[in-house]
Amino acid sequence: MVVEARDLQAKDSSGTSDPFVRITVGNLPAQVTTAKQKATTAVFNQNFTFEKLYMNEIDFENFEAKLEVFDQNAFFQNELIGSHSIGLATLYRNPSHEIYNKWLPLINPKDVKKTQGYILVSAYIIGEGDQAPVHDANENNVEDEPDEFGGVPDDQLTYEELQRRREKLKQIAMVMAPKPYSKQAQLLVNIVKADDLPLLNGGTMDSFVSVRVNGITQITTVVKSTQKPQYRTRMLFPIFFPLNNDKIVIRIWDKRVCLADTFIGQIPEVPSEDDYFNIVYLQSKGGVLPFRWYSIYGIPKDERPSGYDQLMGYTKNPTGTAYMGRILLSLNLSPSEKPEKGIQPIGIYREPQIERYTIRLDTYEINQSKENGETVYIRVRAGGQYLDSEIGIWQSEGTYMWKQKQIVKSLDVETVKSVDQQTDLIVELYNFERKRCAYMRIPTSSYELGNDRPIWYKLKELRALKDGTEPTHSYALLNIMFRPCAIVNAFPKQIVRRNLKLEYKCRIYMYAGYDLCPDKFSDEISINWDIRIADQMYKYERQVASKNPIWNQKLTMVVQMEQNLEFVSNIVISFYDKNKKIGQANVAAMNCRTGDGSAEIIPSYQFYHIVSDGRSIGRILMGITLEKQKKNQQLKTELSISQDTIVQEYAKFRSAISIYAIRQLPKKLKLGRLTVRISIPLTEGQQQLHEEQQIKSYLVGGDEETVYSKGYSDPNFLDIIKLNCYIPKTPDPLFTPQIELEIKGEGQKYYTPVSLIQQLPGLDQNYLFQISSYFNMSCNKDFSQPFVLKGADGQPQPDQSVKQSVKQSVKSQHNSHKKSVPIEQRLSVKKKVDKINLDDVNSDEENQQPNKINDNKKQKQNKDDSDQESLIINQNEEDKKTSAEIIYEIMRDRGIENSFVQDQEDLEITESEIKDQQLLQKQKAKTLTGLLHKIPRDTPNAEATKQYIKKEILSLPYKPVDAELYLLEKTLDIQDDGIDYGRPIIKGRYEDDLQKLLPYKRLKIYELMKGCSGIGIITNAILKADVKFLKNAEASVKKSQIPLPDVKGIKQRDYPFDFFDPTIFNYLKIQQFHCKVRVYIYRCLSLAAQSQSLDTYHIIAGEQARNSANPFIEIEVGEPGADPGDYVKKVSEPERFIENSLSPTFCRSFELDALLPLDCFMQLKIFHRGGIRNPLIGEVKIDIEDRLMGEKKLKQRISFQAYKDYFETELERLKLAENADQVKQDIQAEIADLTQKIESFSSELIIPVEYQQLKHPDKLVSQGTVEMFMEVLPLDVARAIPPSKLVERQPQEYEVRIIVWETFNIPKTTKKVVDIFCKVTMDSSATTSGQEEIKETDTHMGSEDGNGEFNWRMKFSFRTPCQFPRMKISVYDFFAFGTSPSIGEATISLKRVLSVMRTQSSYEMAPTQIKLSSSSNPDQDRGSVLVQMSIISKSMADGKPVGDGQDEPNIDPFLKKPTAGRGLGDFFKGFGIPWGLICRQACAILLPMFISALLSFILFVKPGILVPKQP
């Protein structure tokens, strides 16, 4: 939103400008505001919408929103006044992703030393799932006039100062130039040279570098015909804090003639807020980035996807696939009072040190490769040099092998000494045609490059898919080393032999499967599986008909495998449905827990996804251990297998599932049936696979098919189902089964899994929550983290204490990786080889701290077994640890470094504790910020970890807050925003509180469909249900059993609303609630624009502006299109649209009827009133049931009514019963008590004002916000509570009478005297006509001292409320020929006066001398004008009228016509012909005409006149 501009530089000869604003966002077309004529302070107040802005991670950091203010010229090019750049990433990182009412300085790139004016802007950026920011109607941060006391609170002022401030608040305010906080700095970008640039266009490279900072772009000179250009350029950029665009964008180009320049690469490749090219980060590092090399990565021109490739679903890789050169540069940011813009040459510079490194390559195998021909080879690139392997021979489909003989190739290269400046190693796969097929990038800091053992690497495709993912091409078993020559040569290559068989005892703990076959129900599948280890296989023959089978199988297999597990193929578990393979799960042998048989190995249970064609079709919970047998033991030739169960004994529980209804199914359900299943563990003697129970959908009216539609989108079930559940007797939360709910209709299949982990009795709920979160995270296909089983108390199982578990884990990992230690560490413990200081090898003066961290890490890894045992925690310290710390430590020692475990926190309730908590949060933010910068780039899941830490930092509210506000959970008190809601209301986060009060859970529903993956295709539908374990007493109670009619037992009950109470559930089933739905719409905010509003000039110029809409409201309850009968279920008001507004104020209230549970939704739609059709702007769908069930008082009332009906039924049943008089009396007394409670129901409901996001079915982001509140009341309650009426403050009309008495000290322009006249302009937002109202005085001619007398009255109609109640007073020098120049102006704000007018009928301002100013001459005195003003109501003005000027009626006061400056002599004294101006304009017109005529004469009339004649 462009609000206004102030203090703009004058570009016209009249001393003013005709400003308009052009806004460009990313790569979208620019949009413009309307132009304001002859103004240096202008109000635009226009909103603009930019949609369909698609960005990847790099574009998100690079794109900007640029605001340019131009002076409009009718016949010449528009002249730039100034511009300001807002980085989209910078904007998104702000709180609420916005800037609100912020003054931005305008800078002209041609003159950066001077601010060209200021522009007031509000802007936000939202993506999918984000909410548009909301502000109260009375929230306004714009100050017309700065506070003379600097904003000091009232209680800190003296009595005299306080009185002066209060008096000033009753006076008019002068609209002055803003003075935003600003700090200036000078940025130097030094571009020295580049190396190894590629040849992209023929045989030459004509390169140049462009740098963009804060919207200003500068380029180096073009260096032609060289791949190693020397730029030696220093670019100077002015920086103004606070920053709205913090990115430094550096790009390298190949210059083309008559064609678009070819993009080579960008520095950095993937920008972020934590690199040196972020100005804020650069400033935090001292403002200096020394000279260093940056590598350029890109995509070779012949591999960039063509138009056909894009149609086939491929796109450009998000990151570079090849090395494209490197560039030497440095940055310097320093404070400066006068920053400059320009380009200078670079003198002396310091180049980073060089060191020789060795590349060692050993190739073994290519697996799961696509067809590449008969032979392949590997190429490893280090900068501009590369090393090729020997030829690999095709062995079988997708497999290539190298010879068994040891093949080691090496190459010495020169590279930068500092590791963080080194180029990534590019590993490439070439086919027999020497064509590149796949690639992989390895950072030189990677741990694997210091290991002399083979490792499986994943090679990627050269082209990415549309979603940006890079498919896997193949897997390569390679050993690649890249270390300094001194290290590599000091340690010989370790020979890793193949075909050395060793016997292992492999234990497979196959416990359960989850959500198998995402296209079928349990009764449609029959699952079995087999497992392949090395060349051996075991098949589990038993077929299970369940989507969530519990196999509970422990298999022990003695198998023969390679001694070196690197050469062992994956352990493959294949799954079959009715003996047809559906997918497989792969487990790398190297990732299994290993041991030597000295102690039992604890399995690390982990979720593995069953994958088919890249799709997950379910997941399994499994653990695998490998135990080495003794080497001297004779190898067995036959497969040895033993079978056992993991869990021996189970406890039987009774679970209850209360199912209410399904809402928002994508297709209408016909003949719906819901089946509930729970799997039973397969133990010996048990043949039953699962318990199940089916219920048919219950629909009010008894018929599922209505006359309006077949089936239902919101079927109701209303039933309680009880099933048996089997839990291990020693409860292991991860072994808890899940309930599956299947919804089936004609051609429709839906599925909802429900985990029972958090329902386990007797265990720590916080611990169960962590296990449940881990279980839910496993649904992600990329998630693969093990978890260690624990006992009932959250500790490890009895046979392994925490201490033993940690020790076993450390020792096991140490033994399994003992031979995989990098050679630098092995060298450091050899006695005959001198110890090499890694700080001297891998670092220089510019990178001391990171290497210190790496050195500490390597020293830690270098410890022996005794050192490892010292890591074990003693028992006393262990007792002090929280369950979260214990879980985290165990998971970390199992190899999970990025686990997240959090203990439950209690709410702090005292003010001192709140302040302590804020201090701790501030310290935590500081610690997290430091941690953020220390995460190595090659750490697994580094980016995800960084994003999590960033969110944690942003979520820490360590700003000072009021204690009471904190305890109320930031509930906002209503302020005077010009609207009377007619109710006691609160403003806050209502949706979150509502979810906590609902008696059921809102469970996600997945659609089962062929070709889908994961659980299924997630829908917007939800299942309203809940699950709990029943106690023994509850389990034995039948549905028909009633509470004992004992008076003592009855009196003790308060009848809470229990969703598992059969009495309440039966009441809901048979009761049809007639409710009144009252919807109160106050206003909409930031609607997506639907049309454009442009002036003629910009339309002719081809400009555009999506800045307008004509919104109106439509509300509907229940099924769309259904016959409402005698009820009001739909309201549409297309005739009551609000014209040309993106933030309309409706102040409308509606009352509709709803019959629950049929009419379960209220749909609010905002349409745009167009010409032929009315397109949808956005809609919001609100669940009426949630509003009724989530309101505590209404829910309690339903419980009272349910038990009252129940007791009345029981009383009727006991009418003829004998010996039941006492029971009848007790029941009658209870009915009377419930009746009294119902009748005394409090009608004082505090209604929350909501900010609902409008969605469009075809768009991903929010289309605006509606401010509203809603009441859902049963009919009898609605009768007791009358509807509220939204009452907006009524507009008031006034008349402003201003008298211009005199002017003083008006400076002369180009004449010897000044002819003075004044012009007063009322802003369009304040007038009754909606247009600017302009009035002028007569002219005081021939003033020699700058004084003029007018005695001139002006009248303006004035209407409140208005957004910009302003009057502009301008003084001009009258010119008979040409434009009269503006000398000075002053803008008066009446905002303060409006507060006085609320209690008074008039306002009087005594004659006041107002000082004039000019943006063209800000330091010069432009004189002053003496004015008097009065504001009276319209009725008073009509009763006592006055005339304009000195016209009749000339009263209050009487104005005498001045005689000075009005005579004929005065006219001729001031009359002057501006010959200089006339001559300049004549030259500007005639000179081009003369030159054109001369050229035409030479070229066409006398073409050879300039050629000398031959003698």
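Please refer to the structure higher up on the page.
Residues numbered from 1 in each chain as written. Predicted model: local features only at pLDDT ≥ 70, side-chain atom pairs only at ≥ 80, totals over all residues. Heavy atoms only, no water.

Details of the overall build of the chain
Phase 1 of the analysis: Across its full length, the chain carries 30 helices and 71 strands.
Phase 2 of the analysis: Taking all 1511 residues of the chain together, the buried fraction comes to 52%.
Phase 3 of the analysis: Considering only intrachain contacts with a sequence separation of at least 6, the fraction spanning at least 24 residues in the chain is 73%.
Phase 4 of the analysis: Summing over all exposed atoms, the chain offers an accessible surface of approximately 73,500 Å²; the carbon and sulfur share of this is 50%. (Helix = DSSP H or I, 4+ residues; strand = E, 2+ residues; numbered from the N terminus. Buried < 20%, exposed > 50% of the residue type's maximum accessible area, 1.4 Å probe, protein only. Contact = heavy atoms within 4.5 Å. Areas by Shrake-Rupley, 256 points an atom, 1.4 Å probe, with all protein chains shown as cover.)

As for the side chain of T1337
Phase 1 of the analysis: Relative to the elements of secondary structure, T1337 occurs in the loop between β65 (1333-1336) and β66 (1340-1343).
Phase 2 of the analysis: According to the relative accessible area criterion, T1337 is buried, its value standing at 6%.

Some thoughts on the nonpolar core
Phase 1 of the analysis: If you look at the biggest cluster of nonpolar residues, it comprises 75 residues, and the most contacted ones within it are L1068, I1081, M1162, L1164, I1184 and M1268.
Phase 2 of the analysis: Not counting chain neighbours up to four residues away, the residues in contact with I1184 comprise V1077, V1117, A1154, L1156, D1159, C1160, F1161, M1162, M1270 and V1272.
Phase 3 of the analysis: In terms of nonpolar packing, the next biggest core, distinct from the first, is built from 49 residues, L621, L669, Y726 and L734 among them. (Core = buried A, V, L, I, M, F, W, Y, C linked by side-chain atoms within 4.5 Å.)

Quick look at the sheet that holds strand β12 (residues 216-219)
Phase 1 of the analysis: Spatially, the four strands line up as an open sheet ordered β12-β11-β14-β15, and their pairing is antiparallel. Each having just a single partner strand, β12 and β15 (262-267) make up the two edges of the open sheet. Taken pair by pair, the neighbouring strands of this sheet meet at an average axis angle of 25 degrees, ignoring direction.
Phase 2 of the analysis: Two elements, strand β14 (residues 248-254) and β15, share five bridges in a ladder whose sense is antiparallel. (Pairing = 2+ DSSP bridges. Axes fitted to C-alpha atoms, helices over the stretch in contact; angles between N-to-C directions.)

Some remarks on the sheet that holds strand β67 (residues 1348-1360)
Phase 1 of the analysis: Spatially, the four strands line up as an open sheet ordered β67-β63-β71-β70, and their pairing is antiparallel. Each edge of the open sheet is held by one strand with a lone partner, namely β67 and β70 (1402-1411). Geometrically, the sheet is characterised by an average inter-axis angle of 15 degrees between neighbouring strands, direction not taken into account.
Phase 2 of the analysis: In this sheet, strand β71 (residues 1424-1433) lies alongside strand β63 (residues 1292-1304) in antiparallel orientation, the contact comprising ten bridges. Within β71, the residue paired with E1302 across the bridge is L1426.

Section: helix α21 (residues 1062-1070)
Phase 1 of the analysis: Taken together, the buried positions of α21 are T1063, I1064, F1065, Y1067 and L1068.
Phase 2 of the analysis: Structurally, α21 contributes buried residues whose contacts are with β41 (650-663), β44 (716-728), β52 (1073-1085), α23 (1184-1189) and α24 (1192-1213).
Phase 3 of the analysis: Between the side-chain oxygen at the start of α21 and the backbone nitrogen of T1063 there is a gap of 3.0 Å, and the oxygen is on D1061. (Polar contact = N/O pair within 3.5 Å; in protein donor to acceptor, adjacent residues only side chain to side chain.)

Some words on the packing of aromatic side chains
The way to describe two aromatic rings as a pair is by their centre distance and the angle between their planes.
Phase 1 of the analysis: Scanning the model with the defined rule gives 31 aromatic pairs in all.
Phase 2 of the analysis: With 5.1 Å between their ring centres and 70 degrees between their planes, F277 and Y294 make a pair best called edge-to-face. Taken together, the positions of F277 in the loop between β15 and α4 (279-284) and Y294 in strand β16 (residues 288-298) put the pair 17 residues apart, joining distant regions of the chain. Considered together, F277 and Y294 belong to a single accessibility category, that of buried residues.
Phase 3 of the analysis: We note R619 situated over the ring of F607; from NZ or CZ to the ring centre the distance is 5.8 Å. (Phe/Tyr/Trp six-rings, centres within 6.5 Å; stacked < 30°, edge-to-face > 60°. Lys NZ or Arg CZ within 6 Å of the ring centre and 35° of its normal.)

A look at the environment of S1402
Phase 1 of the analysis: Position of S1402 relative to the elements: it lies in strand β70.
Phase 2 of the analysis: By relative accessible area, which is 25% here, S1402 ends up partly exposed.
Phase 3 of the analysis: Along the backbone, S1402 and Y1294 are 108 residues apart, and their C-alpha atoms lie at a distance of 8.8 Å.
Phase 4 of the analysis: Those residues in contact with S1402 that sit more than four places away from it in its chain are M1397, I1431 and I1432.

Focus: the pattern of salt bridges
Phase 1 of the analysis: If you walk through the whole model with that rule in mind, you get 57 salt bridges.
Phase 2 of the analysis: D275 serves as the salt-bridge partner of K247, at 3.5 Å between the closest nitrogen and oxygen. Remark: D275 occurs in the loop between β15 and α4 and K247 occurs in the loop between β13 (230-241) and β14; sequence separation between them is 28 residues.
Phase 3 of the analysis: Within the structure, one salt-bridge network assembled from shared partners comprises R663, R1002, K1024, D1183, E1185 and D1186. (Salt bridge = Lys/Arg side-chain N within 4 Å of Asp/Glu carboxyl O.)

Examining the pairing of strand β60 (residues 1247-1253)
Phase 1 of the analysis: Most of β60 sits inside the fold, with six of its seven residues counted as buried.
Phase 2 of the analysis: Here β60 runs beside strand β61 (residues 1265-1274); their pairing, made up of four bridges, is antiparallel. Residue pairing in the sheet places Q1253 in a bridge with T1265 of β61.

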